[in-house]
Amino acid sequence: PVSSLPRSLDGLQVLIVDDEADAREFITAVLESQGIRVTAVATAAEALAALEGFRPDVLVSDIRMPDDNGYSLIRKIRELEAETGWHIPAAALTAYLAEDREKALAAGFESHLHKLAQPTELVEMVARLAG
């Protein structure tokens with residue numbers, strides 16, 4: 001049960017990027033149930049715009065999105081970080097079982113999770129990335 005996780009996640013800020021509204025809503029509900037503050041956007045462009053206004057503790061991004069995909073987004077974020085000196089721990093989400101975990105990690109994500117993972121796995125991954 002998700003409710004048995006530590007409450008130390010209260011106030012953590014997470015940026016979710018997923019083109020599927022249902023996925024954004026589900027991930028948001030799971031994380032908010034743990035006291036995590038979520039900003040959820042549908043595109044890589046919206047994510048980059050959001051990052052102009054705040055720096056989340058963790059980024060969770062879908063890999064396969066129209067236009068800019070998750071790989072393109074993480075490359076842009078890592079380039080931005082090189083200029084600014086900060087770092088956002090990032091996780092790749094995918095609905096595809098064949099998605100290459102190593103490819104996601106090599107692209108700049110620190111973690112990789114299938115969208116069908118249990119909600120506790122999602123929360124644990126975010127907590128682990130946030131330190």
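Reading the values: rules and limits
- Residues numbered from 1 in each chain as written.
- Predicted model: local features only at pLDDT ≥ 70, side-chain atom pairs only at ≥ 80, totals over all residues.
- Heavy atoms only, no water.
- Buried < 20%, exposed > 50% of the residue type's maximum accessible area, 1.4 Å probe, protein only.
- Helix = DSSP H or I, 4+ residues; strand = E, 2+ residues; numbered from the N terminus.
- Pairing = 2+ DSSP bridges.
- Axes fitted to C-alpha atoms, helices over the stretch in contact; angles between N-to-C directions.
- Parallel < 35°, antiparallel > 145°, perpendicular 65-115°, else oblique.
- Left-handed = near helix turned anticlockwise from the far one by under 90°.
- Contact = heavy atoms within 4.5 Å.
- Nonpolar A, V, L, I, M, F, W, Y, C, P; charged D, E, K, R; others polar.
- Salt bridge = Lys/Arg side-chain N within 4 Å of Asp/Glu carboxyl O.

Novice: What should I look at first to understand the pairing of strand S5 (residues 111-114) in this one?
Specialist: Strand residues, when the strand is regular, have side chains that alternate between the two faces of the sheet. Residues of S5 alternate between two faces, with Ser111 and Leu113 on one and His112 and His114 on the opposite face, all of them buried. Of the strand pairs in this sheet, strand S4 (residues 90-94) and S5 are connected by four bridges, and their pairing is parallel. Residue Ala92 lies in a different strand from S5, and its bridge partner there is His112.

Novice: Even after reading the chapter, I still don't get the packing of helix H1 (residues 21-32) against helix H5 (residues 119-130), so can you show me in this structure?
Specialist: How two helices pack is summed up by the angle between their axes together with the distance between the axes. Contact pair H1 / H5: the axes reach a minimum separation of 10 Å and the direction vectors enclose 70°. With respect to H5, the element H1 is oriented roughly perpendicular. H1 and H5 meet at a crossing whose hand is right-handed. Side by side, H1 and H5 meet where Phe26, Ile27, Val30 and Leu31 of the first sit next to Pro119, Leu122, Val123 and Val126 of the second. When grouped by side-chain class, the residues that make up the contact of H1 with H5 number eight nonpolar, no polar and no charged.

Novice: When you look at the pattern of salt bridges in this model, what are you seeing that I'm missing?
Specialist: Where side chains of opposite charge bring their charged atoms close, a pairing between them can arise. Counting across every chain of the model gives seven salt bridges. Between Asp18 and Lys115 there is a salt bridge, and its shortest N-O distance comes to 2.7 Å. With Asp18 in the loop between strand S1 (13-17) and H1 and Lys115 in the loop between S5 and H5, this residue pair connects regions lying 97 residues apart in the sequence. With a shortest N-O distance of 4.0 Å, Lys115 and Glu20 are connected by a salt bridge. One end of the pair, Lys115, is in the loop between S5 and H5; the other, Glu20, is in the loop between S1 and H1, and 95 residues separate them in sequence. We classify Glu20 as partly exposed; its relative accessible area is 41%.

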